[in-house]
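Structural features, examined
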Amino acid sequence: MTRKQLTLPQAFAEFIRHPSPWMLVAWAGALWAARLAVGGWSIGDAIIAVALVGISPLGEWLIHTGILHWRPRTVAGVKIDSRLARDHRRHHRDPRDIPLIFIPWPSLIVIIVGLTPLALLAFPNTGKGLTFVLTIATFLVFYEWIHYLVHTDYKPRHAIYRAVWRNHRYHHFKNEHYWFTVTSSGTADRLLGTYPDPRTVESSPTVRNLHAATPTG
């Protein structure tokens, strides 16, 4: 990959040209406004927020392996293959295609419309339900930005981001069977056995063509 000089303002200018970031910011903003209007904050809100952030690496890992890397299959004559999985295969095919970096906006509509009322119904207290869903919405804004930035030509300047950048690049350009977290490195991957020493891992022939037959012999 040819690396160009790219500043954060330049990267951000491209980021806001796409619909998913705006949708996520609008969703998070509306939820924050609603939560502030409801009031009644307590230690429970902090516990919910901290718990969700704490398990976010595991959530990323499970979504990445179970949904995005879903292998299409036919059950009772019906092919099961979500748009998220199809777009993720395209994303692996061309990691520099910027629109494919983002959560597809039709899928994002389903997430917003489905998760918001579900969270409100899951908690007996409206405030706690709003805290739950706004934490997820706010985290997804952060997720979109980090995932997008890793795939740009912005050069890492700080150790924490450099580790995240390297982790995700290994997943896309070395071996798709490892390094599944996006906003952190060495967290859920280390826990679940997908954080090997890159020097011991062979480059995968299917890293750009997920689920393709591996050549033999």
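Treat the numbers as computed from the prediction; the structure is a model and nothing was measured.

Definitions and limits used
- Residues numbered from 1 in each chain as written.
- Predicted model: local features only at pLDDT ≥ 70, side-chain atom pairs only at ≥ 80, totals over all residues.
- Heavy atoms only, no water.
- 1 Å grid on protein atoms, 1.4 Å probe; cavity = no way out; pocket = protein on both sides within 12 Å on 5 of 7 lines; lining within 4 Å.
- Points joined across faces, edges and corners; volume = space filled by probe spheres on them.
- Helix = DSSP H or I, 4+ residues; strand = E, 2+ residues; numbered from the N terminus.
- Nonpolar A, V, L, I, M, F, W, Y, C, P; charged D, E, K, R; others polar.
- Axes fitted to C-alpha atoms, helices over the stretch in contact; angles between N-to-C directions.
- Left-handed = near helix turned anticlockwise from the far one by under 90°.
- Contact = heavy atoms within 4.5 Å.
- Buried < 20%, exposed > 50% of the residue type's maximum accessible area, 1.4 Å probe, protein only.
- Lys, Arg positive; Asp, Glu negative; His and termini not counted.
- Salt bridge = Lys/Arg side-chain N within 4 Å of Asp/Glu carboxyl O.
- Phe/Tyr/Trp six-rings, centres within 6.5 Å; stacked < 30°, edge-to-face > 60°.
- Lys NZ or Arg CZ within 6 Å of the ring centre and 35° of its normal.

1. Here we look at the layout of surface pockets
The space that makes up the largest pocket amounts to roughly 910 Å³. For the largest pocket, the lining is made up of 36 residues, of which I63, I103, I111, L140 and Y143 are closest to its centre. The biggest single contributor to the lining of the largest pocket is helix α3 (residues 43-68), with 10 residues. A breakdown of the residues in the lining of the largest pocket according to their chemical character gives 23 nonpolar, eight polar and five charged. Size it by volume and the second largest pocket reaches roughly 210 Å³. Lining the second largest pocket are 14 residues, and of these A49, V53, T135, T138 and F139 sit closest to its centre. Those elements that place two or more of their residues in the lining of the second largest pocket are α3 and α6 (126-150).

2. Here's the deal with the packing of helix α5 (residues 105-122) against α6
α6 packs onto α5 with a crossing angle of 145° between their chain directions and a minimal axis gap of 7 Å. Here the hand of the crossing between α5 and α6 comes out right-handed. Contacts between α5 and α6 involve L115, T116, A119 and L120 from the former and T126, G129, L130, F132, V133 and I136 from the latter. Residue composition of the contact of α5 with α6, grouped by class: seven nonpolar, three polar and no charged.

3. Describing the side chain of E144
Mapping E144 onto the fold places it in helix α6. We note that E144 is buried and unpaired, the nearest opposite charge coming from R83 at a distance of 12 Å.

4. Regarding the packing of aromatic side chains
A full pass over the atoms with the stated rule returns 13 aromatic pairs. Plain terms: the ring middles of F15 and Y148 are 5.3 Å apart, the flat faces sit at 45° to each other, and that makes the pair tilted. On the criterion of sequence distance, the pair formed by F15 in helix α1 (residues 8-15) and Y148 in helix α6 is long-range, its members being 133 residues apart. Each member of the pair, F15 as well as Y148, is classed as buried. With a centroid separation of 5.4 Å and 45° between ring planes, the pair formed by F123 and F132 is classed as tilted. We classify F132 as partly exposed; its relative accessible area is 23%. Chaining the aromatic ring pairs together yields one cluster made of F12, F15, F102, W145 and Y148. For R73, the ring lying beneath its charged end belongs to W70, and the centroid distance is 3.8 Å.

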